[in-house]
Amino acid sequence: MLENLSKYRIILASNSPRRRELLAGLGIDFEVKVLPFINEEYPEGMPVADIAEYIARKKADAYRRVMLADNLIITADTVVIVGNEVLGKPHDVSEAHRMLRKVSGRTHQVVTGVCLTTFEEQRHFSVSTDVTFKDLSDEEIAYYIENFRPFDKAGAYGIQEWIGYVGVTGLQGSYFNVMGLPVQRIYTELATF
C-alpha cells in the first residue's frame, strides 16, 4: 500500500505523541522533525473554521526553507471551537477548568487542518468533527485536570483519556481527528500523491 510514496522521505512536523501514534497506524515509514518557534498567530477576524488549516499551512511554509528534494512534510494544527470562540491549549489549571466548563453539556467542533508539502506540490485541507459532552461536574473536571494534566491539548481535553470515556455522549465525524490527526483523509490524499 502507498507504494507511490517510496520516492519520498516522509516527515511528520509535530511533537505530539498522539499524532505520531496515529500516523504510525497507517503503516508508513516516517521521521519526526520539529522546528522551534513557529509563529502560530492568525489574522484577526479570520473565520474560526479556517484557522487550523491556515496555521498548518504556516507551519509548512516554515519548513520550506530547510526541506530537501525528497521530503514530504506533514504539518497539522487542531482547534476546538465552541460557538464562535477558539479554545487553544490552556496555560494553567483555571484556564483548563474554564475550557472544560465551556464544552460541558453542549456540542462543539474540533477542526484539524493538515498540509502535505513537497517541492512540487502542496495540498491542504481541514476535517471537522462534532463532539458532544454531558454536563460535567466540577468534581469530574478537577479530577481530570489533576490526574491527566491536559495542558498540551486544544480545548483542555483528550478524547482518548478518562474525560472522553465518562463525558463524551456523541460524536459525528472522525474520532481520530479529535485526537489530532484525520488519518483516513490523510491516507486518501497520500494514495493519490
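This text goes with the structure placed above it.
We now turn to the structure provided with this report. Quick caveat, the model's predicted, so the values are computed rather than measured.

Basis of the calculations
- Residues numbered from 1 in each chain as written.
- Predicted model: local features only at pLDDT ≥ 70, side-chain atom pairs only at ≥ 80, totals over all residues.
- Heavy atoms only, no water.
- Buried < 20%, exposed > 50% of the residue type's maximum accessible area, 1.4 Å probe, protein only.
- Helix = DSSP H or I, 4+ residues; strand = E, 2+ residues; numbered from the N terminus.
- Pairing = 2+ DSSP bridges.
- Phe/Tyr/Trp six-rings, centres within 6.5 Å; stacked < 30°, edge-to-face > 60°.
- Lys NZ or Arg CZ within 6 Å of the ring centre and 35° of its normal.
- Expected span 1.5 Å × (residues − 1).
- Contact = heavy atoms within 4.5 Å.
- Arc of directions from axis to C-beta.
- Salt bridge = Lys/Arg side-chain N within 4 Å of Asp/Glu carboxyl O.
- Core = buried A, V, L, I, M, F, W, Y, C linked by side-chain atoms within 4.5 Å.

**As for the pairing of strand β5 (residues 107-117)**
Most of β5 sits out of view: nine of its eleven residues are buried. In this sheet, β5 lies alongside strand β3 (residues 71-82) in antiparallel orientation, the contact comprising nine bridges. Bridge assignment links threonine 78 to a residue of β5, and that residue is threonine 112. Summarising the sheet, β5 and strand β6 (residues 122-133) pair through eleven bridges and their orientation is antiparallel. When the sheet's bridge partners are listed, glutamine 109 is paired in β6 with aspartate 130.

**Remarks on the packing of aromatic side chains**
Given two aromatic rings, one states the distance between the centres and the angle between the planes to describe the pair. Applying the stated criterion across every chain yields a total of five aromatic pairs. One residue, arginine 185, lies across the ring of phenylalanine 125, its end atom 4.2 Å from the ring centre.

**Regarding the environment of phenylalanine 37**
Tracing the chain through its elements places phenylalanine 37 in the loop between β2 (31-32) and α2 (51-64). Using a relative accessible area of 84% as the deciding quantity, one classes phenylalanine 37 as exposed. Taking C-alpha positions, phenylalanine 37 is 16 Å from aspartate 152, a pair spaced 115 residues apart along the chain.

**Let's talk about α2**
When the terminal C-alpha atoms of α2 are compared, their 20 Å separation across 14 residues agrees well with the 20 Å that a helix rising 1.5 Å per residue should span. Every buried residue belonging to α2 is among Ile51, Ala52, Glu53, Ile55, Ala56, Lys59, Ala60, Ala62 and Tyr63, and all of these are buried. Contacts from the buried residues of α2 go to β3, β4 (85-87), β5 and β6.

**Notes on helix α3 (residues 93-103)**
Among all positions in α3, only Ala96, Met99, Leu100 and Val103 are buried. Projected down its long axis, α3 shows its buried positions confined to an angular sector of 95°, all on one face. Buried residues along α3 sit in contact with β3, β4, β5, β6 and α4 (138-148).

**Points about the pattern of salt bridges**
Taken as a whole and judged by the stated rule, the model has 14 salt bridges. Here arginine 98 makes a salt bridge to glutamate 85, at a shortest N to O gap of 3.5 Å. Here arginine 98, found in helix α3, pairs with glutamate 85, found in strand β4; they are 13 residues apart in sequence, far enough to count as distant. A relative accessible area of 36% means that arginine 98 is categorised as partly exposed.

**What to know about the nonpolar core**
Of all hydrophobic cores here, the largest spans 41 residues; its most connected members are Leu5, Leu72, Ile74, Leu100, Leu116, Tyr157 and Leu190. Top contributing element to this core by residue count: β3, with five residues.

**Describing unusual backbone geometry**
The backbone phi angle of phenylalanine 37 is positive, close to 60°, even though this residue is not glycine. With a phi close to 70°, alanine 156 is a non-glycine residue in the positive phi region. Relative to the elements of secondary structure, alanine 156 occurs in the loop between α4 and α5 (162-167). The exposure class of alanine 156 is buried, given its relative accessible area of 0%.

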